[in-house]
Amino acid sequence: MIDRSEATRRILAAKEAAGLSFAEIAAAAGAHEVWVASALLGQNTMSRVQAEATGKVLGLDEETVAALTRDASRGSLGRAVPTDPLIYRLYEIVQVYGTTMKAVIEEKFGSGIMSAIDFSMDIQKKPDPKGDRVVVTLDGKFLPYRTW
């Protein structure tokens, strides 16, 4: 049995060899491309049907397909400030605007949290004469704080 990190290594190598995009793999798996990318990177768990469809399109062995169905170990960044420029900019957005986002959300909804379980994300490319723009849309269910 291989661990999720070895499965991810194999999956990314197969993806590169096949020349497929996350969107193409997602179409085969019958799920959203962002969620599929997350599952392939070890951050979510696929159903057996999704894993088998992914395995077929990527030519994965059964051991790697099985790894896609095992519980994920979420949270791959660790505690240090990320050094990858793209991930750092997302981190910077939360550092600079996190309290602003929290204040506006709580003003609109009350005291609570946005679900990271009942959550979706979409990433689109928006052409712009000054350079293409990244459009990230987050859609999470609001969960008010309760007294337990």
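Residues numbered from 1 in each chain as written. Predicted model: local features only at pLDDT ≥ 70, side-chain atom pairs only at ≥ 80, totals over all residues. Heavy atoms only, no water.

Asks: Explanation requested: the overall build of the protein in the structure shown.
Replies: Check the secondary structure of the protein and you find six helices and two strands. Taking the principal axes of the C-alpha coordinates as reference, the protein spans close to 50 × 50 × 30 Å. Looking at the protein as a whole, 24% of its 148 residues qualify as buried. Contacts in the protein between residues at least 24 apart in sequence constitute 53% of all its contacts with a sequence separation of at least 6. Of the roughly 10,500 Å² of accessible surface on the protein, 58% is carried by carbon and sulfur atoms. One finds the centroid of the 18 positive side-chain charges in the protein at a distance of 4 Å from the centroid of its 19 negative side-chain charges. (Helix = DSSP H or I, 4+ residues; strand = E, 2+ residues; numbered from the N terminus. Buried < 20%, exposed > 50% of the residue type's maximum accessible area, 1.4 Å probe, protein only. Contact = heavy atoms within 4.5 Å. Areas by Shrake-Rupley, 256 points an atom, 1.4 Å probe, with all protein chains shown as cover. Lys, Arg positive; Asp, Glu negative; His and termini not counted. Charge placed at Lys NZ, Arg CZ, Asp CG, Glu CD.)

Asks: Quick question: what am I supposed to make of the confidence of the model for the protein here?
Replies: Do not read the predicted coordinates in detail wherever pLDDT is low. Confidence in the prediction of the protein, expressed as mean pLDDT, is 89, and 97% of residues score 70 or more. Least confident of the elements in the protein is helix α6 (residues 85-109), whose mean pLDDT is 84; most confident is helix α4 (residues 48-58), at 98. (pLDDT = per-residue confidence, 0-100.)

Asks: When you look at the packing of helix α2 (residues 22-29) against α4 in this model, what are you seeing that I'm missing?
Replies: Two measures define how a pair of helices packs: the angle their axes make with one another and the distance between the axes. At their nearest, the axes of α2 and α4 sit 8 Å apart, and the two run at 130 degrees to each other. The angle between the axes of α2 and α4 places the two elements in the oblique class. When you trace α2 past α4, the crossing you get is right-handed. Two secondary-structure elements touch here, α2 through I25, A28 and A29 and α4 through Q50, A53, T54, V57 and L58. (Axes fitted to C-alpha atoms, helices over the stretch in contact; angles between N-to-C directions. Parallel < 35°, antiparallel > 145°, perpendicular 65-115°, else oblique. Left-handed = near helix turned anticlockwise from the far one by under 90°.)

Asks: Just to check I follow, could you spell out the packing of α2 against helix α3 (residues 33-40) for this structure?
Replies: Between α2 and α3, the least distance of the axes is 8 Å, while the angle of their chain directions is 95 degrees. One finds that α2 runs roughly perpendicular with respect to α3. Here α2 contributes F22, A23, I25, A26 and A29 to the contact with α3, which in turn contributes E33, V36, A37 and L40. Considering only residue class, the contact of α2 with α3 consists of eight nonpolar, no polar and one charged. (Nonpolar A, V, L, I, M, F, W, Y, C, P; charged D, E, K, R; others polar.)

Asks: Is there a simple way to think about the packing of aromatic side chains in this case?
Replies: By convention here, two paired aromatic rings are described through the distance between centres and the angle between planes. One pass over the full model with this rule turns up two aromatic pairs. Seen from their ring centres, Y88 and Y91 are 6.1 Å apart, and the 40 degrees between their planes marks the pair as tilted. Within this pair, Y88 and its partner Y91 are both found in helix α6, separated by three residues, close to a single helical turn. Taking relative accessible area as the criterion, Y91 reaches 32% and is therefore assigned partly exposed. For the pair F109 and F142, a centre-to-centre distance of 4.8 Å together with 25 degrees between the ring planes defines the contact as stacked. (Phe/Tyr/Trp six-rings, centres within 6.5 Å; stacked < 30°, edge-to-face > 60°.)

Asks: Explain the environment of E63 here, please?
Replies: Take E63: it is sitting in helix α5 (residues 62-68). Accessibility expressed as a relative area gives 34% for E63, which makes it partly exposed. For E63, the residues in contact, after removing those within four places along its chain, are M1, I2 and R10. At 3.2 Å, the side chain of E63 and the side chain of R10 are in polar contact. (Polar contact = N/O pair within 3.5 Å; in protein donor to acceptor, adjacent residues only side chain to side chain.)

Asks: Explanation requested: α2 in the structure shown.
Replies: Since the α-helix packs 3.6 residues into each turn, any two residues three or four apart lie on the same face. Here α2 has its buried residues at I25, A26 and A29. Burial along α2 is one-sided: seen end-on, the buried residues are contained in an arc of 100 degrees. Those residues of α2 hidden inside the fold are in contact with α1 (4-18), α3 and α4. Looking one or two places after α2, you find G30, whose phi comes out positive at around 75 degrees. (Arc of directions from axis to C-beta.)

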